[in-house]
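Reading the structure
Chain residues, written in single-letter form:
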Amino acid sequence: MKDVKVLGPGCKRCQTTEDMVRAEAERLGVPVRIDKITDYAAIAGYGVLSTPGVVVNGKLVHAGGLPKAEDIARWLTA
């Protein structure tokens, strides 16, 4: 199971990022646990200055703007 954290204040882009991760995981058949992190101190702790951010299994893989579906697939299958 992949542990995914979506970092952001809960804006539309953050919600869209969460939806994209969930849809790609379902398409690939990869089980995921998605946590939304909205606390600014926790987000800053990952070194994220621009949201949304995505952390997979403890590693920051994306920050700022919407990720591409092919990138999400690569993160989930790595």
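Residues numbered from 1 in each chain as written. Predicted model: local features only at pLDDT ≥ 70, side-chain atom pairs only at ≥ 80, totals over all residues. Heavy atoms only, no water.

Describing the nonpolar core
Our working definition: Working definition of a nonpolar core: buried Ala, Val, Leu, Ile, Met, Phe, Trp, Tyr and Cys residues. They are joined through side-chain atoms within 4.5 Å. The cut-offs for exposure are 20% and 50% of the maximum accessible area for each residue type, with area from a 1.4 Å probe on protein chains only; residues under the lower value are buried, those over the upper are exposed, and the others partly exposed. Here, residues are in contact when the closest pair of their heavy atoms is within 4.5 Å.
Ranked by size, the top nonpolar core spans 11 residues in total: Val4, Val6, Val21, Ala25, Val30, Ile34, Val54, Val56, Ile72, Trp75 and Leu76. In this view, Val54 contacts Val4, Lys5, Thr17, Lys59, Leu60, Val61, His62 and Trp75; residues no more than four positions away in its chain are not counted. Counting residues in each nonpolar core, the second largest holds five residues, with Leu7, Ile37, Ile43 and Val48 among its members.

Some details on the sheet that holds strand β1 (residues 2-7)
This is how the line gets drawn: We treat two strands as partners when DSSP finds at least two bridges between them. Runs of H or I in DSSP of at least four residues are treated as helices and runs of E of at least two as strands, each being numbered from the N terminus. Every angle, taken between N-to-C directions, lies between 0 and 180 degrees, and every axis is a line fitted to C-alpha atoms, over only the stretch in contact when it is a helix.
Pairing in this open sheet of four strands is mixed, and the strands run β2-β1-β3-β4 from one edge to the other. Looking at which strands have only one partner, the edges of the open sheet turn out to be β2 (32-37) and β4 (59-63). Across the sheet, the mean angle separating the axes of adjacent strands is 20 degrees when strand polarity is ignored. Of the pairings in the sheet, the one linking β1 to strand β3 (residues 53-56) comprises four bridges and is antiparallel in character. Its bridge partner lying in β3, Lys5 is registered against Val55. Most of the contacts of helix α1 (residues 12-28) go to β2, to which it runs at about 175 degrees, and overall it touches β1, β2 and β3.

Re the pairing of β2
Direction of pairing for β1 relative to β2: parallel, over a ladder of six bridges. By the bridge assignment for β2, Leu7 is matched with Ile37.

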